[in-house]
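# Per-entry structural report
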Amino acid sequence: MDRIFDPDIDPAPLIGKRVAIIGYGNQGRAQSLNLHDSGIDVVVGLRDGSTTAAEVQAVGLATASLGDAVASAELVMLLIPDETMAGVYGQIEPHLRPGAALGFSHGLAIHFKFIKPRSDLDVFLLAPKGPGTALRSLYVAGDGMTSLWAVAQDSSGNARATALAYGQAIGSGRAGLIASSFAEECEADLFNEGAVVWGAVPEVLIAGFDTLVEAGISPEVAYMECVGELKLLAGLIEARGIAGMREAISNTAELGALIGGPQVIGDDVRTAMRALLATVRDGSFARALSDEEASGYPLLRAARRKARGLAVEAARLKLED
Ligand SMILES: NC(=O)c1ccc[n+]([C@@H]2O[C@H](COP(=O)([O-])OP(=O)(O)OC[C@H]3O[C@@H](n4cnc5c(N)ncnc54)[C@H](OP(=O)(O)O)[C@@H]3O)[C@@H](O)[C@H]2O)c1
């Protein structure tokens with residue numbers, strides 16, 4: 001693994017330069033504030049009519065229209081939803097300075113060719129491995145979040161140095177910048193989102209809850225067992241790893257996990273995971289994401305409504321009363 005830390009990163013590529021952050025959401029907010037606190041001149045580019053401008057100005061950052069922000073900057077970071085990037089890139093491309101650097105925090109738009117950047121641009125990836133809220137709180141605490149970096153287009157010959165300096169300015173050089181590629185970051189991230197942490201884990205929690213409730217256990221107890229203990233597991237794995245977590249729990253829990261875990265997550269699940277990875281790699285998922293945006297997010301809207309109505313959600317609300 002090629003990992004680089006602050007002492008080996010040269011901040012010079014960003015000194016005296018202006019960075020335009022396009023979008024002020026989860027990542028845009030955190031990256032703008034971290035850059036600003038690192039002494040970088042930041043302007044936040046927002047779409048016409050955005051109601052976010054007042055919030056940005058209230059924290060002392062400059063705002064501008066998309067075109068003006070891009071035209072004023074040597075480095076432009078696209079931090080808007082991935083599926084909207086192609087349309088926004090079309091709007092900003094005429095305003096990008098010759099030889100500017102264009103950065104992403106996800107590999108998708110470049111890897112699946114939603115965007116074909118102008119040939120004079122440097123194109124780099126700086127992908128923090130966690131949400132913007134944590135990127136910001138770690139930075140404020142004097143710590144940092146590990147990020148992956150990559151270069152897709154090196155017009156100036158300085159794209160690598162720019163990517164590393166950017167990663168340092170958002171605090172990731174404190175925790176380590178890991179060399180990757182747009183393809184690797186994108187495939188691993190999309191796979192995990194569907195097949196592991198954000199897709200499969202919640203489904204396992206819901207299935208476990210439903211199984212206990214169907215068998216006559218009260219919803220509140222089923223919730224505390226099947227959902228409520230997840231934070232304990234995550235904390236133990238973060239602190240000690242999977243092996244250390246198993247050693248930290250009771251013999252009863254450890255033997256239960258040893259017998260039960262592989263019964264539930266067996267070969268059929270691994271086969272399903274490989275199939276899901278194939279749909280990531282062949283671009284089917286990226287096309288579905290693009291179609292979802294084009295049609296006004298019908299699947300996401302319906303799924304959000306359905307999730308609010310689940311029995312597991314009712315149990316959570318009752319416990320919070
Ligand atoms: N979320 C994460 O935890 C995370 C982690 C690592 C990497 N990433 C990557 O970081 C990037 C940004 O993700 P995010 O979750 O931070 O995005 P996000 O929170 O959904 O972005 C919201 C921002 O994008 C703007 N925006 C939305 N649609 C737009 C459009 N059509 N034109 C112009 N601006 C638009 C919004 O404008 P308004 O303010 O006007 O509403 C808002 O400022 C993505 O590439 C994502 O994959 C995200």
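Before any of the text, the structure's been laid out above.
In short, a report on the structure. Model, not experiment: these values are computed from the prediction.

Another aspect to go through is the overall build of the protein. Of regular secondary structure, the protein possesses 16 helices and 9 strands. Taken over the C-alpha trace, the protein has a radius of gyration of 22 Å; the compact-globule value for 321 residues is 20 Å, and the two agree within 12%. Taken along its principal axes, the extent of the C-alpha atoms in the protein is 65 × 45 × 40 Å. In the protein, 66% of the contacts between residues at least 6 apart in sequence involve partners at least 24 apart.

Quick look at the site of the ligand now. As a matter of local geometry, the ligand sits amid 20 residues, with Tyr24, Gln27, Ser50, Thr52 and Asp82 nearest to it. One of the backbone N or O atoms of Tyr24 is found 2.7 Å from an oxygen atom in the ligand. Separating an oxygen atom of the ligand from a backbone N or O atom of Gln27 is a distance of 2.7 Å. For the shell around the ligand, the elements supplying multiple residues, two or more each, are helix H1 (26–37) and helix H4 (85–92). Its residues assigned to classes, the shell around the ligand comprises 8 nonpolar, 10 polar and 2 charged.

Before going further, it helps to spend a moment on unusual backbone geometry. In the Ramachandran plot, Lys113 falls in the positive-phi region, its phi being about 60° despite a non-glycine side chain. One can find Lys113 in the loop between helix H5 (108–111) and strand E7 (122–128). Although it is not a glycine, Tyr297 adopts a positive phi angle of roughly 60°. Counting through the fold element by element, Tyr297 comes out in the loop between helix H14 (284–294) and helix H15 (298–308).

Turning next to the pattern of salt bridges. One pass over the full model with this rule turns up 11 salt bridges. A salt bridge links Asp41 to Arg18; its shortest N-O distance comes to 3.1 Å. Taken as a pair, Asp41 in strand E3 (residues 41–46) and Arg18 in strand E2 (residues 18–22) lie far apart in primary sequence, 23 residues in all. Residue Asp41 is classed as partly exposed on the basis of its relative accessible area, which comes to 39%.

What follows deals with the sheet that holds E2. Read from one edge to the other, the open sheet built from 9 strands follows the order E1-E9-E8-E7-E6-E5-E2-E3-E4, with strand pairing classed as mixed. A strand with exactly one partner marks an edge of an open sheet, and here the two such strands are strand E1 (3–4) and strand E4 (62–65). Pairing of E3 with E4, which is carried by 4 bridges, proceeds in the parallel orientation. Bridging across to E4, Gly45 finds its partner in Ala64. Sitting on the sheet, H4 is in contact with E2, strand E5 (75–78) and strand E6 (101–104), with an inclination near 155° to E5. Running over the sheet, helix H8 (residues 182–195) touches E6, E7, strand E8 (147–153) and strand E9 (177–179) and is turned about 35° from E7.

Another point: the packing of aromatic side chains. Inspection of every chain in the model, using the stated rule, returns 2 aromatic pairs. Ring centres 6.4 Å apart and planes at 75° place the aromatic pair Phe104 and Phe182 in the edge-to-face group. Taken as a pair, Phe104 in strand E6 and Phe182 in helix H8 lie far apart in primary sequence, 78 residues in all. Across the pair, Phe182 and Phe104 agree in class, each one buried. Taking the centre distance of 5.8 Å and the plane angle of 55° together, the rings of Phe124 and Tyr166 count as tilted. With a gap of 42 residues between them, Phe124 in strand E7 and Tyr166 in helix H7 (residues 159–169) connect regions that are remote in the sequence. Taking relative accessible area as the criterion, Phe124 reaches 0% and is therefore assigned buried. The ring of Tyr139 carries Arg174 above its face, with NZ or CZ at 4.4 Å from the centroid.

Turning our eyes to something else, we now look at the packing of H8 against helix H13 (residues 267–281). Running from N to C, H8 and H13 point in directions that differ by 135°, and their axes come no closer than 9 Å. With respect to each other, H8 and H13 are oriented oblique. H8 and H13 meet at a crossing whose hand is right-handed. On H13, the residues touching Glu187, Leu190, Phe191, Gly194 and Ala195 of H8 are Met273, Leu276, Leu277, Val280 and Arg281. Along the lines of polarity and charge, the residues of the contact of H8 with H13 split into 7 nonpolar, 1 polar and 2 charged.

A regular strand places its side chains on the two faces of the sheet in alternate fashion. Of the two faces of E6, the one holding Ala101 and Gly103 and the one holding Leu102 and Phe104 are both buried throughout. Sheet analysis places E5 next to E6, joined by 4 bridges and oriented parallel. Residue pairing for E6: Leu78 is matched across the bridge by Phe104. Sheet analysis places E6 next to E7, joined by 4 bridges and oriented parallel. Bridging from a neighbouring strand, Phe104 pairs with Leu125 of E7.

Taking 1.5 Å as the rise per residue, H13 with 15 residues should run 21 Å; its terminal C-alpha atoms sit 21 Å apart, in good agreement. Within two residues after H13, Gly283 carries a phi angle of roughly 90°, on the positive side.

What counts as what
- Residues numbered from 1 in each chain as written.
- Predicted model: local features only at pLDDT ≥ 70, side-chain atom pairs only at ≥ 80, totals over all residues.
- Heavy atoms only, no water.
- Helix = DSSP H or I, 4+ residues; strand = E, 2+ residues; numbered from the N terminus.
- Rg over C-alpha atoms; globule rule 2.2 N^0.38 Å.
- Contact = heavy atoms within 4.5 Å.
- Near = heavy atom within 4 Å.
- Polar contact = N/O pair within 3.5 Å; in protein donor to acceptor, adjacent residues only side chain to side chain.
- Nonpolar A, V, L, I, M, F, W, Y, C, P; charged D, E, K, R; others polar.
- Salt bridge = Lys/Arg side-chain N within 4 Å of Asp/Glu carboxyl O.
- Buried < 20%, exposed > 50% of the residue type's maximum accessible area, 1.4 Å probe, protein only.
- Pairing = 2+ DSSP bridges.
- Axes fitted to C-alpha atoms, helices over the stretch in contact; angles between N-to-C directions.
- Phe/Tyr/Trp six-rings, centres within 6.5 Å; stacked < 30°, edge-to-face > 60°.
- Lys NZ or Arg CZ within 6 Å of the ring centre and 35° of its normal.
- Parallel < 35°, antiparallel > 145°, perpendicular 65-115°, else oblique.
- Left-handed = near helix turned anticlockwise from the far one by under 90°.
- Expected span 1.5 Å × (residues − 1).

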